[in-house]
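Listed below are the residues making up each chain.
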Amino acid sequence: MSKDEIIYMDHAAATPLHPEVKEAMEPYLDVKFASAMSLSGMGQEAKYAVATGRQRVADLIGARPEEVYFTSGGTESANWAVFGIARAHESKGRHIITSSIEHHAVLMACRRLQELGWDVTELPVDGDGIVDPDDVRKALRADTVLVSIMHANNEIGTVEPLSEIGKITREADVLFHSDAAQTVGAIDVDVDALNLDLVSFTAHKMYGPKGIGALYMRRGTRIEPMFYGGAQESERRPGTENVPCIAGFGRAAELTKERGADRIAKLTPMRDRLFDGILDAIPELVVNGHRERRLPNNMSICIRYVEGESVLLALDLAGVVGSTASACVSGTAGPSHVLMAVGRSMSDANGSLRLSLGRCNEPEHVERVIELLPAIVQKFRNMSPITPEHLIR
Ligand SMILES: *Cc1c(COP(=O)(O)O)cnc(C)c1O
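Residues numbered from 1 in each chain as written. Predicted model: local features only at pLDDT ≥ 70, side-chain atom pairs only at ≥ 80, totals over all residues. Heavy atoms only, no water.

Peer 1: Mind showing me how you'd approach the sheet that holds strand β5 (residues 144–148) here?
Peer 2: In a beta sheet, neighbouring strands pair by backbone hydrogen bonds and run either parallel or antiparallel. What the seven strands build is an open sheet, ordered β2-β8-β7-β6-β5-β3-β4; its pairing is mixed. Only two strands of the sheet have a single partner each, and these edge strands are β2 (68–71) and β4 (119–123). Sheet twist, expressed as the mean angle between neighbouring strand axes with direction ignored, is 20°. With four bridges connecting them, strand β3 (residues 95–99) and β5 associate as parallel partners. Within the sheet, the bridge partner assigned to His95 lies in β5 and is Thr144. (Pairing = 2+ DSSP bridges. Helix = DSSP H or I, 4+ residues; strand = E, 2+ residues; numbered from the N terminus. Axes fitted to C-alpha atoms, helices over the stretch in contact; angles between N-to-C directions.)

Right, here's the structure in full:
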């Protein structure tokens, strides 16, 4: 490891393009640029690339290709699932169940429906961030049209018991959507095993390009189209296909299918070492999320008596890229709704640090962070007026 190598540990926010994904995209950026709707030979090649991409993405989650709809990313997929199902099933009722720790892509869509007169139940989670399937059962009503529970939380890494929840929604004949942006590409996601009807995910969290995602929809699901226009995506999400990104997404899915188990086997012990090393070296830390039922690459803590953002900037200066609990809330006022939901105090939530590992991280990177972080934290604690006397050195 060279001295000025950047140690990137923010894979929950964005992953680097895999070189083989880039290679798969390149022909469609220039040489084979025709629209996939064109009847020309070049157009047919683009159409074939879209079909291949769809097949590969479907294979990754145990779906059929015709059940995969390409979108611009996780946010669009989640918004489409919430609004599209709501609009198409309004005659049955106007009630939606979700959790209090959803990504804003789901949470804000549900809150918009609430403003429009829908009933939204935001289920609480326990201290580890887990939704109790029994709470879902109790919240179901005759007018419930959708249950939307994320697969794994982007801030604290907790993985939700989707197959149990899915069994309950299946019995009640209510549609079940999951925001799986953090899990597709990271852990096994099988739409049948998890009893899912709709799944949102995105390529840039799995070494694919930004600006392309997918919504899986079980065959026969009634949904209001996302857009109106051409015939693309079975007329449900029309617009000229993003052929290079679809080809890249497909290749990323294929690579995940081939190498996903190896990635998990490599990342899990590194994550555990990161936790143990940091917990051993720094007093007064709080672990966020469930210690076992969590993403293989996610380490999330609250460091008492410091500002998470100060720690982050100091790490950045030292060449380590991390995040506070969620990149998406940086810049917005207030503490993370996820950390509040799992019971952190305001001041603890302000000291959050998330390090999310990826395929280019090595054990020596983890050791470097374990070496750097205690001194950074100590420096800020020594400067802070709220640090208790016995922690000042
Ligand atoms: C990243 C992410 C999203 C948003 O995906 P985009 O492709 O950036 O729109 C939604 N939900 C979760 C859980 C995420 O991690």
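Peer 1: Help me understand the sheet that holds strand β12 (residues 352–356) in this model?
Peer 2: Spatial strand order, β9-β10-β12: three strands in an open sheet with antiparallel pairing. Because the sheet does not close on itself, it has two edges, and the strands there are β9 (285–287) and β12. Neighbour-to-neighbour, the strand axes of this sheet turn through a mean angle of 25°, independent of strand direction. Relative to β12, strand β10 (residues 298–303) runs antiparallel, the two sharing five bridges. For Asn298, the partnering residue across the bridge sits in β12 and is Ser356.

Peer 1: Explain the packing of helix α8 (residues 308–317) against helix α11 (residues 363–383) to me, please; I cannot follow it from the model alone.
Peer 2: For any two helices packed against each other, the geometry comes down to the angle between their axes and how far apart the axes lie. For the pair α8 and α11, interaxial distance at closest approach is 10 Å and the crossing angle is 135°. With respect to their mutual orientation, α8 and α11 come out oblique. Crossing handedness for the pair α8 and α11: right-handed. Along the contact surface, α8 presents Ser310, Val311, Ala314 and Leu315, while α11 presents Leu373, Ile376 and Phe380. Considering only residue class, the contact of α8 with α11 consists of six nonpolar, one polar and no charged. (Parallel < 35°, antiparallel > 145°, perpendicular 65-115°, else oblique. Left-handed = near helix turned anticlockwise from the far one by under 90°. Contact = heavy atoms within 4.5 Å. Nonpolar A, V, L, I, M, F, W, Y, C, P; charged D, E, K, R; others polar.)

Peer 1: For this particular structure, what's the right way to read the packing of aromatic side chains?
Peer 2: How two aromatic rings sit relative to each other is set out by the distance from centre to centre and by the angle between their planes. All chains considered together, the criterion is met by three aromatic pairs. Measuring from centroid to centroid gives 5.8 Å for Tyr69 and Trp80, while their planes differ by 90°, and the two rings are edge-to-face. Placement of Tyr69 in strand β2 and of Trp80 in helix α3 (residues 74–88) is noted, with a sequence separation of 11 residues between them. Across the pair, Trp80 and Tyr69 agree in class, each one buried. Of the aromatic side chains, those joined through ring pairs into one cluster are Phe70, Phe201 and Phe249. (Phe/Tyr/Trp six-rings, centres within 6.5 Å; stacked < 30°, edge-to-face > 60°. Buried < 20%, exposed > 50% of the residue type's maximum accessible area, 1.4 Å probe, protein only.)

Peer 1: When you look at the side chain of Thr169 in this model, what are you seeing that I'm missing?
Peer 2: Along the chain, Thr169 falls in helix α6 (residues 162–172). Under the relative-accessibility criterion, Thr169 is labelled buried at 1%. Of the polar contacts made by the side chain of Thr169, one reaches the backbone oxygen of Gly166; its length is 3.0 Å. Dropping the residues within four chain positions of it, Thr169 is found in contact with Val147, Val174 and Phe176. (Polar contact = N/O pair within 3.5 Å; in protein donor to acceptor, adjacent residues only side chain to side chain.)

Peer 1: Would you mind going over the side chain of Thr183 with me for this structure?
Peer 2: Here Thr183 lies in the loop between β6 (175–179) and β7 (198–202). Given a relative accessible area of 0%, Thr183 falls into the buried group. Look past the residues within four positions of Thr183 in its chain and what remains in contact with it is His151, Ala152, Val189 and Leu295.

Peer 1: Honestly, the site of the ligand in this entry has me stumped. Any pointers?
Peer 2: Around the ligand, the neighbouring residues are Gly73, Gly74, Thr75, His103, Met150, Asn154, Asp179, Ala181, Gln182, Thr202, His204 and Lys205. Here an oxygen atom of the ligand and a side-chain polar atom of His204 are 3.1 Å apart. Lys205 has a polar side-chain atom sitting 2.6 Å from an oxygen atom of the ligand. Broken down by class, the residue content of the shell around the ligand amounts to two nonpolar, eight polar and two charged. (Near = heavy atom within 4 Å.)

Peer 1: Sorry, what's going on with the packing of helix α7 (residues 243–281) against α11 here?
Peer 2: Between α7 and α11, the shortest axis-to-axis distance is 9 Å and the interhelical angle comes to 20°. As judged from the angle between their axes, α7 and α11 are roughly parallel. For the element pair α7 and α11, the recorded crossing hand is right-handed. Residues Met270, Arg273, Leu274, Gly277, Ile278 and Ala281 of α7 form the contact with α11, whose own contacting residues are Pro363, Val366, Glu367, Val369, Ile370, Leu373 and Pro374. Residues of the contact of α7 with α11, tallied by class, amount to 10 nonpolar, one polar and two charged.

Peer 1: Explain the pairing of β3 to me, please; I cannot follow it from the model alone.
Peer 2: Residues in a regular strand project their side chains so that they alternate between the two faces of the sheet. Among the five residues of β3, five are classified as buried, and the element is accordingly described as predominantly covered. Of the two faces of β3, both are covered, the one formed by His95, Ile97 and Ser99 as well as the one formed by Ile96 and Thr98. With five bridges connecting them, β3 and β4 associate as parallel partners. Within the sheet, the bridge partner assigned to Ser99 lies in β4 and is Leu123. Following the chain from β3 across helix α4 (residues 104–115) to the adjacent parallel β4, one finds a crossover that is right-handed. (Right-handed = clockwise from strand over helix to strand, strands pointing away.)

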